[in-house]
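Secondary and tertiary structure notes
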Amino acid sequence: MRPSPTTITAAPPGHDVTDLLPDHDAIAEWRGLRERLARADRDAAAAALAALAGGIRRTVISTIAGAGLGHAGGDLSVTDILATLYGAVLRVDPADPGWPDRDRLVLSKGHCSVALYTTLSTCGFFPAERLSTFAAPMSPLNGHPSRRSVPGVETSTGPLGHGLPVGVGIAVGLRLRGSAARTVVVLGDGELQEGSNWEAAMTAGHRGLTSLTAVIDRNGLQQGARTSATNELEPLADKWRAFGWEAVEVDGHDHLALLDALTAPHDAGRPRCVIARTVKGRGVSFMEDRVEWHHKVPDAEQARSALEELR
Ligand SMILES: Cc1ncc(C[n+]2csc(CCOP(=O)(O)OP(=O)(O)O)c2C)c(N)n1
């Protein structure tokens, strides 16, 4: 059994609390992928992004099973969104995570940190071996991401409803500095029931933040219930449009549809909302669209079976 955090006085061996160093081999591999994607035809690009997402999904399952903690359902629904963004869209440099003109990604549904950590380590922001320390005492890889301890994490998140307001502030700040960098905020659909999102959406529309994109992981489930049972969100696209945004709906597991939605030029003066229709637990049949997998942890046999399906 893991000791309670209050009994820990020093970092256990192997759990370094200092900054994580970039993984140069993984960075080189990721750069190669970006170059191949830039030259690839659409079929080849789709296959490369599917392979990237498949690897992330498998690591998500083994990381959660190993830690005995995590949010498998939401991690698996957001994986294709993160894989497309980091594989082909965001201008970031894992060797220089603080590059001032980098694009910013805010994972507002911070409970899905394992999907983010796995994606970041796959791009070389830090070595993948460190994922095995996820949620262990003194590990920088907390259950919710911290911008102070993990390279590539732009905003500490976990309390739902904060990512978009912070993302609006980031986008305004970048614009004031004359930077062309984009800000992308990935939100859960259940999270949209927090009113702060709509204040932020109103501000972004009013200010015409064309450098801001919100991506909604529209899996229809939240913790313990369907979003529609708790507080109906539809007509969701119309709501964003009414706040001065352009809104598009795509299949959130179709990498090319995501790529198109995330790279098309914005309408003049409007932020964009991409409503990505997803399946919670995507890729693992016994997790798909099952509310209990919001934060249930697979036992050894379930993890084996999930990994088998994800091969
Ligand atoms: C302000 C706040 N209230 C409650 C929670 C607890 N909580 C964590 S995840 C979650 C459900 C989120 O649903 P959704 O945004 O749809 O995420 P997904 O289904 O994609 O995992 C809740 C209520 C929280 N993290 N923050």
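Everything below is about the structure shown above.
This is a predicted model, so every value here is computed, not measured. (Residues numbered from 1 in each chain as written. Predicted model: local features only at pLDDT ≥ 70, side-chain atom pairs only at ≥ 80, totals over all residues. Heavy atoms only, no water.)

1. With respect to unusual backbone geometry
Spelled out, the test is: Helix numbering and strand numbering both begin at the N terminus, where a helix is a DSSP run of H or I of at least 4 residues and a strand a DSSP run of E of at least 2.
Backbone torsion omega between E234 and P235 reads 0°, so that peptide bond is classified as cis. Structurally, P235 can be placed in the loop between α7 (227–230) and α8 (236–242). Not every positive phi belongs to a glycine, and D289 is a case in point at roughly 60°. Relative to the helices and strands, D289 resides in the loop between β5 (272–277) and α10 (300–309).

2. Re the side chain of K109
Quick note on the threshold: For every residue, the accessible area obtained with a 1.4 Å probe (protein chains only) is divided by the maximum for its type, and the residue is called buried under 20%, exposed over 50%, and partly exposed between those limits. Should any heavy atoms of two residues lie within 4.5 Å, those residues are considered in contact.
Within the fold, K109 resides in the loop between β1 (104–107) and α4 (113–122). For K109, a relative accessible area of 3% puts it in the buried group. Among residues more than four places away in sequence, those in contact with K109 are G74, S77, V78, L160, V186, L187, G188, E191, D217 and N219.

3. Considering the environment of A136
Note that A136 resides in the loop between α4 and α5 (163–176). A136 sits 69 residues away from A67 along the chain, and the two C-alpha atoms are 7.4 Å apart.

4. Comments concerning the pairing of strand β2 (residues 183–188)
To keep things clear, this is the line we draw: For two strands to pair, DSSP has to find at least two bridges joining them.
For β2, the tally of buried residues reaches six of six residues, placing the bulk of the element in the interior. Burial along β2 is two-sided: T183, V185 and L187 and V184, V186 and G188, pointing in opposite directions, are all buried. In this structure, β1 lies alongside β2, joined through four bridges in parallel fashion. The residue of β2 that forms the bridge with V106 is V185. Across six bridges, the pairing between β2 and strand β3 (residues 212–218) is parallel. Residue pairing for β3: V185 is matched across the bridge by A214.

5. Focus: the site of the ligand
Basically, it comes down to this: A molecule or strand has a residue near it when one of that residue's heavy atoms lies within 4 Å. The term polar contact refers here to a pair of N or O atoms within 3.5 Å; inside protein, the definition further demands a hydrogen-donor-capable atom paired with an acceptor-capable atom, and it admits residues adjacent in sequence only when both atoms are side-chain atoms. Put simply, Ala, Val, Leu, Ile, Met, Phe, Trp, Tyr, Cys and Pro go in the nonpolar bin, Asp, Glu, Lys and Arg in the charged bin, and everything else, Gly too, in the polar bin.
Not every one of the 18 residues close to the ligand is listed here, only the nearest: K109, H111, G190, L221 and K280. Taking K280, its side chain carries an N or O atom lying 2.6 Å from an oxygen atom of the ligand. Each residue belonging to the shell around the ligand can be placed in one class, and the counts come to three nonpolar, nine polar and six charged.

6. Looking at the sheet that holds β2
Stated precisely, the cut-off is as follows: Note on method: axes are straight lines fitted to C-alpha atoms, helices fitted across the in-contact stretch only, with angles between N-to-C directions ranging 0 to 180 degrees.
Spatial strand order, β1-β2-β3-β5-β4: five strands in an open sheet with parallel pairing. Only two strands of the sheet have a single neighbouring strand rather than two, namely β1 and β4 (246–251). Looking at each pair of strands side by side, their axes are set apart by 20° on average, direction ignored. Contacts from helix α9 (residues 255–263) reach β3, β4 and β5, with the element oriented near 165° to β4.

7. Comments concerning the side chain of H71
Here H71 is to be found in the loop between α2 (42–67) and α3 (72–89). Owing to a relative accessible area of 15%, H71 belongs among the buried residues under this scheme.

8. Description of the packing of α2 against α10
Just so we agree on the cut-off: We call two directions roughly parallel when the angle between them is under 35 degrees, roughly antiparallel when it is over 145, roughly perpendicular when it lies between 65 and 115, and oblique otherwise.
Following both chains from N to C, one finds α2 and α10 inclined at 175°, their axes separated by 9 Å at the closest point. If you check the angle between α2 and α10, you find them roughly antiparallel. Contacts from R58, I61 and A65 in α2 reach A303, A306 and L307 in α10. Taken together, the residues of the contact of α2 with α10 sort by class into five nonpolar, no polar and one charged.

9. Focus: the packing of aromatic side chains
The test is simple: Centre distance within 6.5 Å is the pairing criterion for rings of Phe, Tyr and Trp, where only the six-membered ring of Trp is used; planes under 30 degrees apart are then read as stacked, over 60 as edge-to-face, and the remainder as tilted.
Enumeration according to the criterion identifies six aromatic pairs in this entry. Taken together, a centroid distance of 4.9 Å and an interplanar angle of 45° make the contact between W198 and W240 tilted. With W198 in helix α6 (residues 196–206) and W240 in helix α8, the pair connects residues that are 42 residues apart, well separated along the chain. There is no split in this pair, since W198 and W240 are both buried. Three or more aromatic residues joined by ring pairs form one cluster here, namely W198, W240, F243 and W245.

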